[in-house]
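Summary of the model geometry
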Amino acid sequence: MTDSTSPAPGFSPVQGLHHLTVMASDPQRNIDFYSQTLGQRLVKVTVNFDDPGTYHLYYGDLTGKPGTIMTHFPWPGAKRGVRGNGEVVAAAYSAPRQSLDFWRSRLRLADFGPQESVRFGDRVLRIADPDGTWVELIFDTDDAVSPVEAWPHSPIPVEYALRGFHSVTAWVGQTAAVAELLVGHLGFSEVGSEADPEGQRTRFQGSGQNVGLFVDAVERPGQPRGSFGAGSVHHVALRTRDDAEQAAYLESLTAAAYRPTPVQDRQYFHSIYFREPNGVLFEIATDAPGFPDDEAVDELGQHLKLPEWYEAQRDAIERQVPKIVSREYGVTIGQRELAAAPNPQAAQTQPSISVMTAGRPLGEGRMAAVLLHGRGSTAQDILGLEPQLNLSAYSYLAPQAEGGSWYPQSFLAPIEHNQPQLDNALTTIDVLMAELEERGLKPEQIVLGGFSQGACLALEYAARRGEKLGGVLAFSGALITLEHGGDLAGTPVFMGVAPDDAHIPLERFEKSVEVLRRLGASVDAQVYPGLGHSIDKAELDTARELMRRAASLG
Ligand code: ZN
């Protein structure tokens, strides 16, 4: 991969995104989220060609046009993946600007608590889907006419409907290697770069006109690779018009040592696969033949479709795949009744917890910050605050449950319902604190912080423990219970919330401030109109100052 070769003359460059393939767990939950919550059409139900006992589900616009297609392999009971470098971590849909309020409130009501930001001038809402995949909506268009065909049975009004993919985001160690592939070999152009909370974000644009034009690379040098599991994006497919163009890419990518696979027949398109040097798996897929190839547009998604070579085994396959229901079509596919998804809240045993770290190596740091992620995000996410806090005295630690959440089911109520899980979560924090103390850190050298449910747990832990800590940071959280009797004198506490936070009622927030002050804590409580359920820069500045002061005392 020395010099950048342009595609052979006569071939048009890659247009943009074709589809994205993601691993999921429960198929019904997957269908409900993508078709009910997001209003995407289930356009094809087939099986994993390498494992015909599991589904391959495709969602898209009315006909499943390239650039709208999200595909999932749902493996019931699959362990969650952990996001990291060398993979696509987020799929973004394009949405009309006027639909921002609609989507914000729809996602809040569905308990997805979207995080809001601005990226290259456009507003972005990010949520984690039920398996933890980041799905983003980017409000980038005022066009009255959509480049994709809305699905008439969608629960989303057509004027607010999503308009196919906007972009994907890959986390990489080196953006230069992505640029080499996309610009050097596939005809993309680099169109912008800006600082992003996760790293420097660089945007590449394909040559197409309408939909799915962008690939973003976020550079995170030295950060760990992801670990594959439910919620992980397996690969991103770029689109090319036909087999001849694909053959030209196969040849040029082979010459450039990307070692692409031979062409694979994926029934609805033809594919080649290869990795770029950071590890991101790319596919180049043809636009043809497309999804209406083996069933009429009206019928899409209502039947289990099998490739010819599996038809002889259809009965056995139908018995083996889980029973799923498409509510819009009123059809049931598959026969195997899945055991009710294991309810983590019913489990009395502690999940296995690992601790992810950032900042100064433990043992070298004079201070430790224990950060608790929000429900529906991960330890890795909250450790993303470390470079922004940028405090050299601190080691950062974030507990992460293997294969699931270690959190209570609901945030604040009713407490009896949560009791065993709440106790488990608080014990997890206590074990981690005890380990830090064993390594010579005093409680006043430890700052405990969290976002959302992690913030609730941090406050609750501090109040129950009832002794002086280095500090407590609660981003969008409140106390879980209000009866406490310890002594928090000398403990600085920062609490920030939006006045209309869907999870943390303002009254509960204020009552928590009152209780903590009564325990002797010095509480800096801030209400930020327009914050949403997220962490903003003003909060981080205040948190940094609290931590800096704690380090000078601790
Ligand atoms: Zn694919």
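Cut-offs applied
Residues numbered from 1 in each chain as written. Predicted model: local features only at pLDDT ≥ 70, side-chain atom pairs only at ≥ 80, totals over all residues. Heavy atoms only, no water. Domains from an automatic or database assignment. Contact = heavy atoms within 4.5 Å. Buried area = accessible area lost by both parts, 1.4 Å probe. Salt bridge = Lys/Arg side-chain N within 4 Å of Asp/Glu carboxyl O. 1 Å grid on protein atoms, 1.4 Å probe; cavity = no way out; pocket = protein on both sides within 12 Å on 5 of 7 lines; lining within 4 Å. Points joined across faces, edges and corners; volume = space filled by probe spheres on them. Helix = DSSP H or I, 4+ residues; strand = E, 2+ residues; numbered from the N terminus. Expected span 1.5 Å × (residues − 1). Buried < 20%, exposed > 50% of the residue type's maximum accessible area, 1.4 Å probe, protein only. Arc of directions from axis to C-beta. Donors = N, O, S within 2.8 Å, 3.2 Å for Na, K, Ca; no water.

1. Notes on the domain arrangement of the protein
Where interface size is quoted, it is often the accessible area lost as the parts come together. Under the domain assignment used here, the protein contains domain 1 (17-333) and domain 2 (353-553). Taking only C-alpha atoms into account, the centre of domain 1 sits 34 Å from that of domain 2. In this complex, domain 1 contributes 17 residues to the contact, which on the side of domain 2 involves 17 residues. Buried surface at the junction of domain 1 and domain 2, both sides included, amounts to about 1400 Å², of which 48% is carbon and sulfur. Between Asp 500 and Arg 108 there is a salt bridge whose closest N-O contact spans 3.9 Å.

2. Observations concerning the layout of surface pockets
Reported here for the second largest pocket is a volume of approximately 1100 Å³. Along the walls of the second largest pocket sit 44 residues, with Gln 115, Pro 197, Glu 198, Leu 385 and Gln 388 positioned nearest its centre. When contributions to the lining of the second largest pocket are tallied by element, the ones reaching two or more residues are β6 (115-119), β7 (122-128), β10 (189-196), α6 (379-383), α7 (386-389) and α11 (537-553). Ranked by residues supplied to the lining of the second largest pocket, first place goes to β6 with five residues. Lining the lining of the second largest pocket are residues from two domains, each supplying at least three of them: domain 1 (17-333) and domain 2 (353-553).

3. Here we look at helix α4 (residues 243-255)
Here α4 contains 13 residues, and its C-alpha end-to-end distance of 18 Å stays within 8% of the 18 Å for a straight helix at 1.5 Å per residue. Taken together, the buried positions of α4 are Glu 245, Gln 246, Ala 248, Tyr 249, Ser 252 and Leu 253. All buried residues of α4 lie within an arc of 155 degrees about the axis, which places them on one face of the element. Away from the buried face of α4 by more than 90 degrees, exposed residues Glu 251 and Ala 255 are located. Where α4 is buried, its residues touch α3 (175-186), β13 (233-240), β15 (269-275) and β16 (281-289). Just downstream of α4, Ala 257 is the residue with a positive phi angle, here 70 degrees.

4. Side note on the side chain of Gln 302
Within the secondary structure, Gln 302 is located in the loop between β16 and α5 (314-320). Setting aside residues up to four positions removed in sequence, Gln 302 forms contacts with Arg 41, Tyr 329, Val 331 and Ile 333.

5. Quick word on the pattern of salt bridges
As enumerated under the stated definition, the model contains 32 salt bridges in all. With its nearest N and O atoms 2.9 Å apart, the salt bridge here joins Glu 437 to Arg 465. Of this pair, Glu 437 sits in helix α8 (residues 415-438) while Arg 465 sits in helix α9 (residues 453-465), placing them 28 residues apart in sequence. With relative accessibility at 31%, the residue Glu 437 sits in the partly exposed group.

6. Concerning the coordination of the zinc ion
Note on the zinc ion: its protein donors are His 19 (NE2), His 235 (NE2) and Glu 283 (OE). The metal-donor distances range over 1.9 to 2.0 Å. Donor residues for the zinc ion, ordered by position in the chain, follow H-x215-H-x47-E. On the criterion of sequence distance, the pair formed by His 19 in strand β1 (residues 17-24) and His 235 in strand β13 is long-range, its members being 216 residues apart. Comparing His 19 with His 235, the two get one shared label, buried.

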